[in-house]
Structure formats: C-alpha cells, structure tokens
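Here is how the chains run, residue by residue.
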Amino acid sequence: LSDDDLKPEFKKKYTDKLGSLDSAVAIPLNGRNRTCGLIRILNKVDKSDSMYNKVSSSVNSFSENDDYSLLYLATNTANALSNFRREMQVEMLRYMSHLLIQPLVPPAKEYLKGICEKFLELLVKNSETIFKAGVLRIKDANSGFLKVEAKCLSDGVTKDRDNSPRERRTGEFVWLTAIRQKRLIIQDLPSLLQELRKGNEIRFKNEEWILANKFKSVAGFPLVFKGETVGTLSLYAGYEYDPDSIEFVQGFVDLLGSFI
C-alpha cells in the first residue's frame with residue numbers, strides 16, 4: 001500500500017496512528033442472505049522481529065495461510081451473528097404474540113393504537129434491523145380511507161412527511177399493496193423515484209421526504225384477514241431487503257392483521 005496512490009488525508013490518518021501503511025486484508029462477514037460486517041487487518045507484523053509488538057520496518061505481505069485463517073475467523077463470526085439475529089427475531093415474534101393474546105383492555109381503540117406503536121418500535125428502534133421508518137395504516141370502516149394508526153422514525157429521520165388519510169387512488173404505493181393484497185418491495189428506491197417523473201405507474205405521496213432521508217428500499221405489506229384488507233404497513237430501510245427480513249416482517253404482519 002505504500003506505493004499505491006491513496007488519498008493523502010486517509011494515508012496521513014493511518015501513518016500518524018500506525019507509523020506506516022504497508023499492507024492490508026479485508027474479509028467480509030457473509031451471513032445468511034447478506035453481508036453483516038467486515039474484518040480488516042492492517043500491516044502484518046514480522047514475528048521474527050525482536051520488536052514483535054510493533055510494525056516491522058520491512059514490508060510484510062499477508063500470505064495465503066493468513067487469508068485462510070482470517071476467512072475461517074470471518075465465517076465463524078458471521079455464523080454467530082446470523083444465529084443471534086435469528087434468535088432475536090424469534091424472541092420478538094414471541095413477545096408480539098404474547099401481547100396480542102392478552103384480553104382487550106377498554107377502551108379498545110386506545111389499546112389497538114398502543115399495540116401498533118409497540119409493533120413499530122420493535123421493528124424500527126432495534127439496532128439489529130435494517131428499518132429506518134415505519135408507518136402503519138388501518139382502513140376506516142366508514143370512509144374506506146387508510147388512516148395512520150402509528151408511525152415510528154429512527155434517529156436522524158426527518159418528520160416532515162404527509163400523514164393525512166389516503167383515499168383510494170390507482171397507482172399510489174400504499175393502495176397498490178392494499179388492493180393487490182400482496183407485499184410490494186422496491187429495492188432501488190432513489191432510481192425508481194427518478195423514473196416516476198417520467199410517468200411510472202407507482203406514485204409516492206412523500207417523495208421529497210424519501211429523497212431527503214436517502215432510503216435505499218421500501219416494502220409495503222397488506223394486513224389481510226379473511227380476504228379483506230384491514231390495513232397496510234410501509235417500512236423504509238437504509239439497505240436492500242434480504243429474504244430473512246421479508247419473511248420476518250411477514251410473520252409480524254400476519255399476526256397483526258388477525259388481531260385488528
């Protein structure tokens with residue numbers, strides 16, 4: 001790395017801290033369906049050097065055996081993280097199920113709102129999930145509008161969004177999920193919003209809010225019970241949705257749809 005054309009500000013940062021920047025290796029932590037981290041090692045130490053705990057003055061390259069050892073470490077670390085996340089998801093579903101089977105406490109409408117708020121907090125306020133914002137709407141029996149029952153925004157997400165009731169409009173994102181009764185997942189959200197300006201079928205009410213907060217993806221989940229859509233859940237994420245996240249949220253949505 002000492003011969004590479006690195007950005008001066010980064011090179012200085014490393015050389016000030018380490019004395020030199022000679023070699024590096026990076027191994028991704030590839031868990032189930034997604035990369036969940038990275039192990040990065042800088043400057044290999046020469047064990048034959050009497051100053052073993054310091055970087056040798058000569059450049060030492062990482063060997064093939066070093067790569068294998070680090071890959072072994074990364075694989076085990078990634079598996080441990082994946083197992084932890086699966087266990088966490090099971091615990092969250094168990095907790096939510098416990099809340100939903102409790103006897104209704106009057107007034108029922110306030111109890112429902114409290115359940116919906118806890119539901120979103122579990123998904124959005126958890127550091128182990130990818131979700132940055134969630135909006136849960138319930139269909140009003142009289143007007144047929146989708147009304148916001150609860151919303152949750154992670155730290156740093158702006159609040160300047162339109163939360164007014166949504167009347168049925170062809171092509172609007174939340175109504176597409178409600179009418180089709182199928183989840184709708186958009187992975188490359190910024191690119192789609194650019195296409196929307198060219199007359200794409202899918203429309204978002206809060207386009208500027210989405211762009212300002214730099215969401216990477218969004219998923220719409222219909223809350224369905226006995227063939228009827230009773231509500232929708234919109235979840236915005238900072239990364240692309242992976243299969244685990246989709247199935248995990250679907251389990252939550254199925255529970256909540258039956259409860260509502």
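What counts and how
Residues numbered from 1 in each chain as written. Predicted model: local features only at pLDDT ≥ 70, side-chain atom pairs only at ≥ 80, totals over all residues. Heavy atoms only, no water. 1 Å grid on protein atoms, 1.4 Å probe; cavity = no way out; pocket = protein on both sides within 12 Å on 5 of 7 lines; lining within 4 Å. Points joined across faces, edges and corners; volume = space filled by probe spheres on them. Helix = DSSP H or I, 4+ residues; strand = E, 2+ residues; numbered from the N terminus. Nonpolar A, V, L, I, M, F, W, Y, C, P; charged D, E, K, R; others polar. Buried < 20%, exposed > 50% of the residue type's maximum accessible area, 1.4 Å probe, protein only. Core = buried A, V, L, I, M, F, W, Y, C linked by side-chain atoms within 4.5 Å. Contact = heavy atoms within 4.5 Å. Salt bridge = Lys/Arg side-chain N within 4 Å of Asp/Glu carboxyl O.

1. Some words on the layout of surface pockets
The computed volume of the largest pocket comes to approximately 350 Å³. Surrounding the largest pocket, 13 residues form its lining, Ile138, Lys139, Asp140, Ala141 and Glu149 being those nearest its centre. For the lining of the largest pocket, the secondary structure elements donating two or more residues are α3 (108-124), β3 (131-139), β4 (146-153) and β7 (228-237). Class assignment of the residues belonging to the lining of the largest pocket gives a composition of six nonpolar, one polar and six charged.

2. A word on unusual backbone geometry
In the Ramachandran plot, Asn43 falls in the positive-phi region, its phi being about 60° despite a non-glycine side chain. Within the secondary structure, Asn43 sits in the loop between β2 (35-42) and α2 (64-100). At Lys214, a residue that is not glycine, the phi angle is positive and equals roughly 55°. Tracing the backbone through its elements, the reader meets Lys214 in the loop between α6 (207-212) and β6 (217-225). Its relative accessible area of 72% is what places Lys214 among the exposed residues.

3. Points about the nonpolar core
Proteins that are soluble and globular tend to have nonpolar side chains buried together. Ranked by internal contacts, the top residues of the largest apolar core, which has 34 residues, are Met96, Phe119, Leu123, Phe131, Leu136 and Leu233. Of all the elements in the fold, those that place two or more residues in this core are α2, α3, β3, β4, β6, β7 and α7 (243-259). For this core, the element with the highest residue contribution is α3, accounting for nine residues. The residues contacting Met96, other than those within four sequence positions of it, are Ile115, Phe119, Leu122, Phe252 and Leu256.

4. Observations regarding the side chain of Ser234
Its place among the elements puts Ser234 in strand β7. Leaving out residues up to four positions away in the same chain, Ser234 has contacts with Ala133, Gly134, Val135, Arg137, Phe173, Val174 and Ala219.

5. Structural notes on the pattern of salt bridges
Applying the stated criterion to the full structure yields eight salt bridges. Asp66 is the partner of Lys44 in a salt bridge, and the nearest nitrogen-oxygen pair spans 2.8 Å. On the criterion of sequence distance, the pair formed by Lys44 in the loop between β2 and α2 and Asp66 in helix α2 is long-range, its members being 22 residues apart. Relative accessible area serves as the criterion here: at 25%, Lys44 is assigned to the partly exposed category. For Asp188, the salt bridge goes to Lys216, with nearest N and O atoms at 3.9 Å. Here Asp188, found in the loop between β5 (184-186) and α5 (189-196), pairs with Lys216, found in the loop between α6 and β6; they are 28 residues apart in sequence, far enough to count as distant. A residue is classified by how much of its surface remains accessible, and Lys216, at 31% relative accessible area, is partly exposed.

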